[in-house]
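# Examining the three-dimensional arrangement
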Amino acid sequence: AHAGANTRYLLDYAGISMGDVLVIETDVNILDGYTVQLYEDNLAIAPHLRDTKAQLFNKIIADLKSGLKVTVVSLSKATLKELDDAVSKSGLCISKILVDGDNSHESARLLSADTYGNYTLVMISPSMSTGVSFDKDNADSVYVFAPNANGTGTPYDALQAMLRDRAPKHKNISVYLQ
């Protein structure tokens with residue numbers, strides 16, 4: 001998905017408000033070949049769909065149970081901690097690491113290009129958005145949690161963190177919005 005000035009013009013021309021779409025503007029087409037599945041909890045439109053985040057947690061746990069390596073990026077460290085708790089409660093015995101603003105210095109020593117393959121579940125916040133690239137032992141599945149109004153970054157920050165894994169095996173990204 002590549003968006004630039006022409007994309008904004010086309011959306012305006014079509015009468016689509018920028019507030020109604022998620023647009024990530026980039027100078028290069030960094031998402032070429034990817035598909036993005038959006039999941040949204042919009043309580044104003046569908047209050048009965050409040051459990052979307054829990055459904056994605058269950059999908060992540062199912063991926064892990066089937067032996068897949070999963071990378072999860074979130075703008076919310078609370079969401080990462082909720083996921084970490086859900087995985088622990090599931091009874092899975094896997095190697096996992098959580099890197100957020102609270103522990104990024106400590107975890108950065110544990111998570112590097114050389115150690116990325118040691119973890120089945122990698123949970124990172126945008127605090128790990130630059131400086132580290134994972135070019136081997138790539139993830140099978142990638143999930144992004146980008147709840148609105150967190151004040152912790154933009155969708156672009158989440159994208160940058162997600163792209164630390166240079167070549168996930170499946171080019172399907174599940175993105176949660178709220």
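Residues numbered from 1 in each chain as written. Predicted model: local features only at pLDDT ≥ 70, side-chain atom pairs only at ≥ 80, totals over all residues. Heavy atoms only, no water.

## Details of the confidence of the model for the protein chain
Any region with low pLDDT has predicted coordinates that should not be read closely. Worth spelling out the cut-off: The score called pLDDT rates the predictor's confidence residue by residue, from a low of 0 to a high of 100. Only DSSP runs of H or I reaching four residues or more are called helices, and only runs of E reaching two or more are called strands; each is numbered from the N terminus.
Looking at the protein chain as a whole, its pLDDT mean stands at 75, while 63% of the residues score no less than 70. Taking the mean pLDDT of every element in the protein chain, the minimum, 62, falls on helix α1 (residues 5–13) and the maximum, 92, on helix α3 (residues 77–89).

## Considerations on the pairing of strand β4 (residues 121–124)
Basically, it comes down to this: Note on exposure labels: buried denotes an accessible area under 20% of the residue type's maximum, exposed denotes more than 50%, and partly exposed covers the range between, all computed with a 1.4 Å probe on protein chains only. For two strands to pair, DSSP has to find at least two bridges joining them.
Both faces of β4 are covered, namely the face carrying Leu121 and Met123 and the face carrying Val122 and Ile124. Across four bridges, strand β2 (residues 70–74) lies against β4 in parallel orientation. Bridge pairing links Val72 to Met123 in β4. In terms of strand pairing, strand β3 (residues 96–99) meets β4 through four bridges, oriented parallel. By the bridge assignment for β4, Leu98 is matched with Met123.

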